[in-house]
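Remarks on the overall topology
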Amino acid sequence: MPNKTFFWFFLPTGLAMILFIGLPIISTGIQSFYAQHDQVVKEVKKCDPFGCTVSIVVDNEETSKIREAKPLGKFNGFGTYTDRNHLAVDEIKKFWNETESFGAFVDQVTNLPFYKALIFTLTYCLFVTPNVLLLGFIIALSLNAVARKIRGPLIFGTILPMIVTPLVGSLVLFWMIDSQGIIGANIQNLMNDPYLSLKSSKTLTWITIIIYGIWHHSPFAFVVFYAALQTVPQEPIEAAIIDGASRFQRIKHIVLPHIYPVVTFVALISLMDNFRVFEPIIGFSAEGSAQSLSWLIYDNLVNEEVILFGSAAATSMMTIIGIAILLAPVLIRTWKEFKTAR
Amino acid sequence: MRKILVTLLFLLFGTSAFADCNIKSGSINILANDFPALRTFVETSKKCKGSADFKVTHSSEHNKIAVPALTANPSEFSARIAANSSIVPLMNQDLIRPLDDLVKKYGKGIQDSQLITIDGKVMAVAFMANTQHLYYREDVLKDLGIAIPKTYEEVVAASEKIRASGKMQYPYAAAYKAGWNLAEEFVNMFIGHGGEFFKSGSAQPNINNAKGVATLNMLKKLSELSNPDYLTHDSEAIKVEWESGNVALMTLWASRSGTLLDDEGDPNITKATKLTGPATVGGGNIPAATLWWDGFTLAKNRSDADAEATFRALAHAASNKKMVADAADQAVWLVEGFVPGPKSIGVIEAVKMGAKPYPMLPQMGLMHGALGSEIVEFLQGKESAEQALKDVEAAYISKAKEQGFL
């Protein structure tokens, strides 16, 4: 396609992307550098059905004057990014100087909300993505080998986890692992420990969420791999069979190299999806044991009665940067291949 | 033809029109939490809508919608049913209007004690009171010869006895779901220990002390007597636990007593379910509970006509003797003519015992949020009480700095 045609072809999408993705990101970025003005409070008498007390309220007249003058808030630079609830620069320095062993230092750092969330998010990504690729590939291969007649219903059954809304899927599992649910009660019986709860233990909650993640995302990998498998040429495979290559050798030397670009694509998309893990935490009511970066943003925006826009914006920006760092190796590799292909 | 139309219109509107609510215009849109008493209240006010538009949103997620919806101009809702804690963000952002003139003009039946005044201005009209108090299973306690617990120490002892008897494995329940619910339990217990959340006259936190540690230790003791999934249990979940007969002692909202004592579920459990006042803790004389009111506020960013229509409809309900007589077991109404029944024991006891109201401070929401996430690891046994309290204070300080309170 000539560049000019491509330009006109891409223009509507490009404009929509700038309008609905680019500008909001810029606005979020700007927001993250601002904090609220210093609150002007005054002492007043408050009376309710239970009696009167003297306590403080925000002085709205004074506050609205300040707000009108500077509607964005107080410029805070990287203040929000470096505070204790985000990168916690000062705290980490302090821990480094005060703790005696490296283990104690790590313990202290992972107790900070941002790092706690980052560790869960990364763990989730690192366990879910490869397993999704592997499981998706195995399912695609096996389905590709069964008789055509029963393939349709089997494919439908396999992509069911993806069709089920994440929240519903996680809720169903949540009830099953309840200490009185079918899985939870059986595990208690099996382990002979009536106090065992999948929901109260941090490790078990993480494992549950990761298994759920693999279950939910595998169909996506499967669908893409299955489509790619249909394009594998039959001649080299037949030739390999005549040469006496085993099934494993055929997959390793013919099928995998053929669908390799698709694997990269699926890996990219899953990494991005998994880095934004959020729904299962809500579905499993796992806020206590597992927090992800997306959950932190949600928490800042809705769980507080006071909305923390600056905090939420800063975490959003760091999530975007995090995804970019994670994807960088794959993207660089794709770019290099693209260049050599030319 | 015209006659028929007029008759039809009369049938439609004529029957519902009350003598004292002759609202001719305006539109009413209410945002409220979702529990039976509030539904009754809003339904009652709807009967008074006259020819005004009437819409209502009942949602348990009301806290998340309120500030954005009322910030818009004109705002989505003309009224918000709020409580001690949820009125604070509305006040902080200057989103609700003073009601003095409307009360003077249309608030005839409203009692003075219902008015929430801040700095001399009426900002809300309360209509019901709420608190968290103890529920117990009379049959279980009687069988084991346990007296009705008056303190949390007695609750722990009683629960241990029930567990030892083999009757129930997890005899105690309270809404310990990580987040708002868990923080609320901390707030109750801390106040029961005589704690103050902030250093007097400032927004500096004041929980990392002996009272805070005692609070956490008591919460932990109770959590060990609860279902191991306690960190995922909200009020609804423990209600279900109670109705399945798994629990003999429970701390729950007074406003939920109606659904516990209704005809649904096992009649034997319902019969044995009894209410008592909130418990004290650590030898303190005020209960480890907070008093709450629910009341209505009017949006500032809405036309005066809408505000007037909304106020008239809601004031009709907030002074409705018939409503409080008919729905006497749904809530402890603050409306004139309410005769407290057996289901109001909890709140009335709490008031008698001198329970404190939930602190209506501008920065309290931030403290509540920090508590909800930072004390979880202590309950899981992953860190010490001192460390958890230090974390709460640090998380709070960062948030309070961002919000300009420190």
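Procedures and definitions
- Residues numbered from 1 in each chain as written.
- Chains lettered and ligands numbered in written order.
- Predicted model: local features only at pLDDT ≥ 70, side-chain atom pairs only at ≥ 80, totals over all residues.
- Helix = DSSP H or I, 4+ residues; strand = E, 2+ residues; numbered from the N terminus.
- Contact = placed C-beta atoms within 7 Å.
- Domains from an automatic or database assignment.
- Nonpolar A, V, L, I, M, F, W, Y, C, P; charged D, E, K, R; others polar.

1. Observations regarding the environment of Leu231 of chain B
As for its position among the elements, Leu231 of chain B is in the loop between helix H9 (210-224) and helix H10 (235-243). Along the backbone, Leu231 of chain B and Leu95 of chain B are 136 residues apart, and their C-alpha atoms lie at a distance of 34 Å. The contacts of Leu231 of chain B, once residues within four sequence positions are left out, are Lys199, Ser200 and Gly288 of chain A together with Tyr176, Lys177, Ala178 and Val376 of chain B.

2. Quick notes on the domain arrangement of chain A
All names here are of chain A. Considered domain by domain, chain A is made up of domain 1 (35-72), domain 2 (76-111) and domain 3 (112-341). The straight-line distance from the C-alpha centre of domain 2 to that of domain 3 is 31 Å. Listed per partner, the contact involves 12 residues of domain 2 and 10 residues of domain 3. Considered class by class, the residues forming the side of domain 2 that touches domain 3 number 4 nonpolar, 6 polar and 2 charged.

3. Here's the deal with the domain arrangement of chain B
Residue and element names in this part refer to chain B. Assigned domains within chain B: domain 1 (13-130 + 291-339) and domain 2 (132-288 + 354-402). Averaged C-alpha coordinates put domain 1 and domain 2 at centres separated by 30 Å. On the domain 2 side, the residues contacting the 15 residues of domain 1 number 13 residues. Of all the elements in the fold, those that place two or more residues in the side of domain 1 that touches domain 2 are helix H2 (36-46), helix H4 (87-92) and strand S10 (290-298). Tallied by class, the residues present in the side of domain 1 that touches domain 2 amount to 9 nonpolar, 5 polar and 1 charged.

4. Comments concerning the interface of chain B and chain A
Of the residues lining the interface, 49 residues belong to chain B; the matching set on chain A comes to 46 residues. Looking at the side of chain B that touches chain A, the elements with two or more residues in it are helix H3 (62-71), H4, strand S4 (115-118), strand S5 (121-130), S10, helix H16 (364-374) and helix H18 (385-402) of chain B. Looking at the side of chain B that touches chain A element by element, the count peaks at 7 residues for H18 of chain B. Looking at the side of chain B that touches chain A residue by residue, the class counts come to 23 nonpolar, 17 polar and 9 charged.

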